[in-house]
Amino acid sequence: MEISACAQMKSGRMSCKSMVKMKFRMMKKILLWSALSLVSTAFCADTNDSPPAFPSAKQPWKRDGQAERFAAYRQEIRALMELPPEQVRACPAASDFPGTPPADSPRVERTVVVDTRVPRWHSTGLYAAPGEIITATVPTNAVHAKLRLRIGWHKDLLWSEKIPAWKRVPEITRSFAITETVTRAANAFGGPVYIEVPRDCGLGNVEVKIENAVAAPLFEHGKTDLAAWKNELCNAPAPWAELVGNNLAISLPSANVRALDNPDEVLKFWDRVVTAEDELSGQTNRTSPERFVLDRQISAGYMHSGYPIMAWLDQANKVADLESLKKGNWGFFHELGHNHQRPDWVLAGTTEITVNIFSMYCFENVCGLPRHGHNAMSDASREKNLRAYFSDPTASWTGKPFTGLIFYDQLVEGFGWDTFHKIFIEYRDLPKSERPKNDDEKRDQWLVRFSKTTGKNLGPFFEAWRILTSEAARRSVTNLPVWLPEPDFPKRYLASK
């Protein structure tokens, strides 16, 4: 570098001052990398000190009274996750979670074809061992396509102060921009290997060669031979596996698929579930599968929606169990439902109410079961909740999710699922100028659109539920015959005096 700089300076292209600045920047970067390397060594040291060196299920770190310790640990982790691949070392925490391949696992080279018309994560069936460098080689036309090389799918961050304790290291995944034909990547915690594709990438099929990774169990519906899966692929050595369908992918511990002999039927079931929710919501432009990831600890709730949908590890024995799935899983259907909700028809306070429309729909239309598949929607529970709500004039209809859900369930009972489908499509196709701008307009539009679609005046029904609408909205449907779910509703649910 110095010879080159001197040559440039002699030729008049670089000043002495510029050369000094360049040297300073280089030295600064070297010192930073060295410091980060020391952090990596310190953090990943396997010690017997008390408290434990890293959080685990057996020895979680509790936040109470540990603010400084937690803050320092966050800085260590963030520094660790910024190390260049050459500086990364395997962290002992990885053996606890997400796990390490057996020591004798062969390192393999594999070329995968990535269809860049499909955005988000593309499975490779490979696993990066903790601290080891993998390489991804792409053609020159892919260098500027904003592709990324990801190691790890447990992307939930646990830094929030609302999380009282850590049962795993709070950040364990990395993603590297592919800006050259050969990209080197490493993660101290290891993890499944993906190629990330941005939306509207127009490259078509791209071949990516990945080297120095460990084979992981991967079943792709319509691609993987079932006999090969049973005889070999399900036993690939990596600790995490993946089942990939047309509409949904499942990321779960390999232990949960070693004896799975019907992955194709499991994926067919999940494809039907996603298709059902797509159809009900009017979503006709699906560009990529949904994804479930099982994790020891997630950032919020028992499950949460998004990409990927996250759930705790105790669901790993259910997500790919076909017989269990056929009995319905309200929570799984619920989280997928969140990914299908649209703000135009989700009234204030109903996010955790209207999402269960999709759970009811899947119970009835995929599983062939009564839609009241949750205990809180049993006949007795609905009766109890209706009496409690209508006997208390101060109660909010959105105060309890399964009370508010009865409002929508009565509409399903009265008018069927096709009405919801039509209305959701109507909302989907609204021009921007007609979309509701606030919650008052949302309530008015739901009343008017549902009334006009069904040919019934739902004004009295909304009033009975104490759902506020404008006089203009109610007046616009007064020419239609009044509808109530039962005569004199809600009279029989009022407290007797």
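No experiment lies behind these values; they were computed from the predicted model shown.

(A) Up close: the layout of surface pockets. Its boundaries defined by the atoms lining it, the largest pocket holds a volume of some 790 Å³. What lines the largest pocket is a set of 28 residues, and nearest its centre among them are Ser-123, Leu-218, Glu-220, Lys-223 and Val-244. Listing elements by their share of the lining of the largest pocket, those giving two or more residues are strand S2 (108-115), strand S3 (120-128), strand S10 (205-215) and strand S11 (218-220). For the lining of the largest pocket, the element with the most residues is S2, which contributes six residues. A breakdown of the residues in the lining of the largest pocket according to their chemical character gives 13 nonpolar, nine polar and six charged. In this structure, the second largest pocket spans a volume of roughly 440 Å³.

(B) Here's a closer look at the packing of aromatic side chains. Applying the stated criterion across every chain, the model contains 50 aromatic pairs. Ring plane angle 50 degrees and centroid distance 4.8 Å describe the contact between Phe-415 and Trp-483, whose orientation is recorded as tilted. Highlighted residues: Phe-415 in helix H13 (residues 401-415) and Trp-483 in the segment after helix H17 (471-475), separated in sequence by 68 residues. One cation-aromatic arrangement involves Arg-449 over Tyr-427; the distance from NZ or CZ to the ring centre is 5.5 Å.

(C) Highlighting the pattern of salt bridges. Overall, the coordinates contain 27 salt bridges when judged by the stated rule. Across the pair Glu-82 and Arg-78 runs a salt bridge, and its minimum N-O distance is 3.0 Å. Note that Glu-486 is salt-bridged to Arg-492, the shortest N-O span being 2.8 Å. Overlapping salt bridges bring together Glu-364, Arg-371, Asp-409 and Glu-413 as one network.

Conventions adopted
Residues numbered from 1 in each chain as written. Predicted model: local features only at pLDDT ≥ 70, side-chain atom pairs only at ≥ 80, totals over all residues. Heavy atoms only, no water. 1 Å grid on protein atoms, 1.4 Å probe; cavity = no way out; pocket = protein on both sides within 12 Å on 5 of 7 lines; lining within 4 Å. Points joined across faces, edges and corners; volume = space filled by probe spheres on them. Helix = DSSP H or I, 4+ residues; strand = E, 2+ residues; numbered from the N terminus. Nonpolar A, V, L, I, M, F, W, Y, C, P; charged D, E, K, R; others polar. Phe/Tyr/Trp six-rings, centres within 6.5 Å; stacked < 30°, edge-to-face > 60°. Lys NZ or Arg CZ within 6 Å of the ring centre and 35° of its normal. Salt bridge = Lys/Arg side-chain N within 4 Å of Asp/Glu carboxyl O.

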